[in-house]
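The lines below spell out each chain.
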Amino acid sequence: MVHPPGFEVPGKEDWIMQLLKSIYGMKQASRIWNITFNKAITAWGFERLPCEWCVYRRQSPTGTIIFSLHIDDIFSAASSPEETAAFKLFLESQWEVADLGPTKFALGIAISRNTSSRTIALSQTVFIERLLERFNQTDAHPTNTPMVAGLQLRRPDQNAPMPPGILEWRLKTPYCKLVGSLNYAAVATRPDIAYAVSCLSSFHDCYMPDHWAAAVRVLRYLKGTKNLSLILGCDRAPSLIGYSDSDYANCVDTSHSISGYCYSLGSSVISWSS
């Protein structure tokens with residue numbers, strides 16, 4: 001790499017430096033860190049889940065511990081306080097760490113616990129409020145549904161002439177950013193907008209004013225329901241139940257069917273897609 005500002009060697013300003021260690025902020029840094037972390041944690045008996053490489057699990061005679069990793073932030077759950085303490089000691093023996101206590105907020109998701117009912121509530125109220133401000137919908141009227149019933153959004157005819165001003169309108173309309181932001185809410189805590197976001201996502205390359213209006217409607221729906229939470233856990237024995245459904249050739253452009261599913265564990269929806 002070139003010399004960082006303030007660290008130039010006199011007489012060798014045009015030299016290229018060979019790195020002996022990874023430097024934070026470089027493209028390779030996150031990959032090297034993940035390899036380093038994975039090597040250390042697997043040597044201690046943890047196994048990475050094949051379905052989700054950011055989640056690790058270890059089961060030993062003393063108990064079970066599961067944790068998720070986001071860059072260098074760790075969220076753990078253990079079968080006993082002793083397992084948690086041992087896990088912290090191991091991390092402290094490898095790296096400098098800070099224990100922030102029970103998780104209350106992570107990645108735009110608020111986390112609250114109700115020990116009496118044995119539940120955890122996940123919500124994105126602050127994230128939704130930021131979206132409303134970002135896309136100038138703070139004063140918009142909320143809607144009761146994320147999408148108009150029976151709405152059929154279509155791709156514009158590629159052979160038809162482009163309406164005047166549409167190209168300029170697309171350049172200044174953040175459709176992709178809005179749908180991408182809505183998608184994060186749909187994936188994280190809001191299965192109720194999964195279908196609407198799935199439909200809107202198929203028009204990234206050809207969106208028109210009616211698609212933009214439909215996307216804004218989803219945001220207005222979130223405004224009216226921003227305090228809703230996804231409740232995980234229950235005070236009874238959980239059972240895994242799945243539901244799936246599909247329409248018949250409902251896509252007006254491709255005649256493909258649109259399918260969806262959701263799985264619940266007890267009273268908690270834990271997996272969904274449209």
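Model, not experiment: these values are computed from the prediction.

Enquirer: Hey, could you run me through the overall build of the protein chain in this one?
Expert: Counting secondary structure elements, the protein chain contains seven helices and eleven strands. Counted over contacts in the protein chain with a minimum sequence separation of 6, partners at least 24 positions apart contribute 56%. Carbon together with sulfur atoms contributes 57% to the accessible area of the protein chain, which is approximately 18200 Å² in total. Where the 25 positive side-chain charges of the protein chain centre and where its 24 negative ones centre are 2 Å apart.

Enquirer: In this structure, what is going on with the environment of Thr62? I would like to understand it.
Expert: Its location among the elements puts Thr62 in the loop between strand S2 (52-60) and strand S3 (63-70). In this structure Thr62 comes out as exposed when scored by relative accessible area, which is 57%. Sequence-wise, Thr62 and Ser22 are 40 residues apart; in three dimensions their C-alpha atoms are separated by 36 Å. Sequence-distant contacts of Thr62, defined by excluding residues within four places in its chain, comprise Ser80 and Glu83. A distance of 3.0 Å separates the side chain of Thr62 from the side chain of Ser60, its partner in a polar contact. There is a polar contact of 2.4 Å between the side chain of Thr62 and the side chain of Glu83.

Enquirer: Looking at this structure, how should I read the pattern of salt bridges?
Expert: In the structure shown here, the tally under the stated rule is six salt bridges. Here Asp205 ties to Arg155 by a salt bridge, and the two come within 2.8 Å at their closest N and O atoms. Here Arg155 lies in the loop between helix H3 (125-134) and helix H4 (166-172) and Asp205 lies in the loop between helix H6 (194-200) and helix H7 (209-224), a separation of 50 residues in the sequence. Owing to a relative accessible area of 33%, Arg155 belongs among the partly exposed residues under this scheme. We note a salt bridge from Arg190 to Asp192, for which the minimum N-O separation is 2.8 Å.

Enquirer: Explanation requested: the environment of Pro156 in the structure shown.
Expert: Mapped onto the fold, Pro156 is located in the loop between H3 and H4. Look at Pro156 and you get partly exposed, because its relative accessible area is 24%. Separated by 28 residues in the primary sequence, Pro156 and Ile128 have C-alpha atoms spaced 30 Å apart. With sequence-adjacent residues up to four places away left out, Pro156 is seen in contact with Arg170, Cys206 and Met208.

Enquirer: Where do I start with the sheet that holds strand S9 (residues 240-246) in this structure?
Expert: Pairing between sheet strands relies on hydrogen bonds along the backbone, with the strands arranged either parallel or antiparallel. Read from one edge to the other, the open sheet built from three strands follows the order S9-S10-S11, with strand pairing classed as antiparallel. The open sheet has two edge strands, S9 and strand S11 (268-273), and neither has a second partner. For this sheet, the mean angle separating the axes of adjacent strands, direction not counted, is 15°. Across five bridges, strand S10 (residues 259-265) lies against S11 in antiparallel orientation. Opposite Cys262, over in S11, you have Trp272 as the bridge partner.

Enquirer: Please explain the packing of helix H1 (residues 29-43) against helix H2 (residues 81-94) as it appears in this structure.
Expert: Packed helices, taken two at a time, are described by the angle between their axes plus the distance between the axes. Two elements in contact, H1 and H2, have axes separated by 12 Å at closest approach and are oriented at 135°. Between H1 and H2, the interaxial angle falls into the category oblique. Note on packing geometry: the crossing formed by H1 with H2 is right-handed. Two secondary-structure elements touch here, H1 through Phe37, Ala40 and Ile41 and H2 through Phe87, Phe90, Leu91 and Gln94.

Enquirer: Even after reading the chapter, I still don't get the packing of aromatic side chains, so can you show me in this structure?
Expert: Note on aromatic pairs: each is described by the distance of the centres and the angle between the planes. Using the criterion set out here, one finds 16 aromatic pairs in the structure. Summarising the aromatic geometry, the rings of Phe37 and Tyr56 are spaced 6.1 Å apart at their centres and angled 75° between planes, so their arrangement reads as edge-to-face. Here Phe37 is found in helix H1, whereas its partner Tyr56 is found in strand S2, with 19 residues between them in sequence. Summarising the burial analysis for this pair, Phe37 and Tyr56 share the class buried. Measuring from ring centre to ring centre gives 5.2 Å for Phe46 and Phe67, while their planes differ by 70°; the resulting arrangement is edge-to-face. Residue Phe46 is found in the loop between H1 and strand S1 (47-49), and its partner Phe67 is found in strand S3; the two are separated by 21 residues along the sequence. The two residues Phe46 and Phe67 agree in class, both being buried. Between the NZ or CZ atom of Arg170 and the centre of the ring of Tyr207, over which it lies, the distance is 5.7 Å.

The rules behind the values
- Per chain, residue numbering runs from 1 following the sequence as it is written.
- For this predicted model, a pLDDT threshold of at least 70 governs which residues receive local features, and a threshold of 80 or more governs which side-chain atom pairs are given and counted, while totals over whole chains, interfaces and linings are taken from all residues.
- Calculation of side-chain values draws on the structure's entire complement of heavy atoms; hydrogens and water are dropped beforehand.
- Here a helix means four or more residues in a row that DSSP labels H or I, a strand means two or more in a row labelled E, and each is numbered from the N terminus.
- The criterion used for residue contact is that any of the two residues' heavy atoms lie within 4.5 Å.
- Only the protein chains shown count as covering a residue, and every accessible area follows the Shrake-Rupley method with a 1.4 Å probe.
- As used throughout, the charge tally considers Lys and Arg to be positive and Asp and Glu to be negative, leaving His and the chain termini uncounted.
- Where a charge sits is defined by one atom per residue type, namely NZ (Lys), CZ (Arg), CG (Asp) or CD (Glu).
- Summary of the burial criterion: residues with accessible area below 20% of their type's maximum are buried, those above 50% are exposed, and those between are partly exposed, where the area comes from a 1.4 Å probe applied to protein chains only.
- Throughout this description, a polar contact denotes any pair of N or O atoms lying within 3.5 Å of each other; where both atoms belong to protein, one of them has to be capable of donating a hydrogen while the other can accept it, and for residues adjacent in sequence the pair is counted only when both atoms sit in side chains.
- A carboxyl oxygen of Asp or Glu within 4 Å of a side-chain nitrogen of Lys or Arg is what we treat as a salt bridge.
- DSSP calls a pair of strands paired once it identifies at least 2 bridges connecting them.
- Each axis is a line fitted through C-alpha atoms, taken for helices only over the stretch in contact, and angles between the N-to-C directions span 0 to 180 degrees.
- Under this scheme an angle from 65 to 115 degrees is roughly perpendicular, one under 35 degrees roughly parallel, and one over 145 degrees roughly antiparallel; angles in between are oblique.
- Two helices that cross are described as forming a left-handed crossing if the nearer one is turned anticlockwise from the farther one by less than a right angle, and a right-handed crossing if clockwise.
- Pairing of aromatic rings covers Phe, Tyr and Trp, the last counted by its six-membered ring, and requires centre-to-centre distances within 6.5 Å; plane angles under 30 degrees mean stacked, over 60 mean edge-to-face, and any other angle means tilted.
- A positively charged side chain is recorded as over a ring if its NZ (Lys) or CZ (Arg) lies within 6 Å of the ring centre. The angle to the ring normal must also be within 35 degrees.

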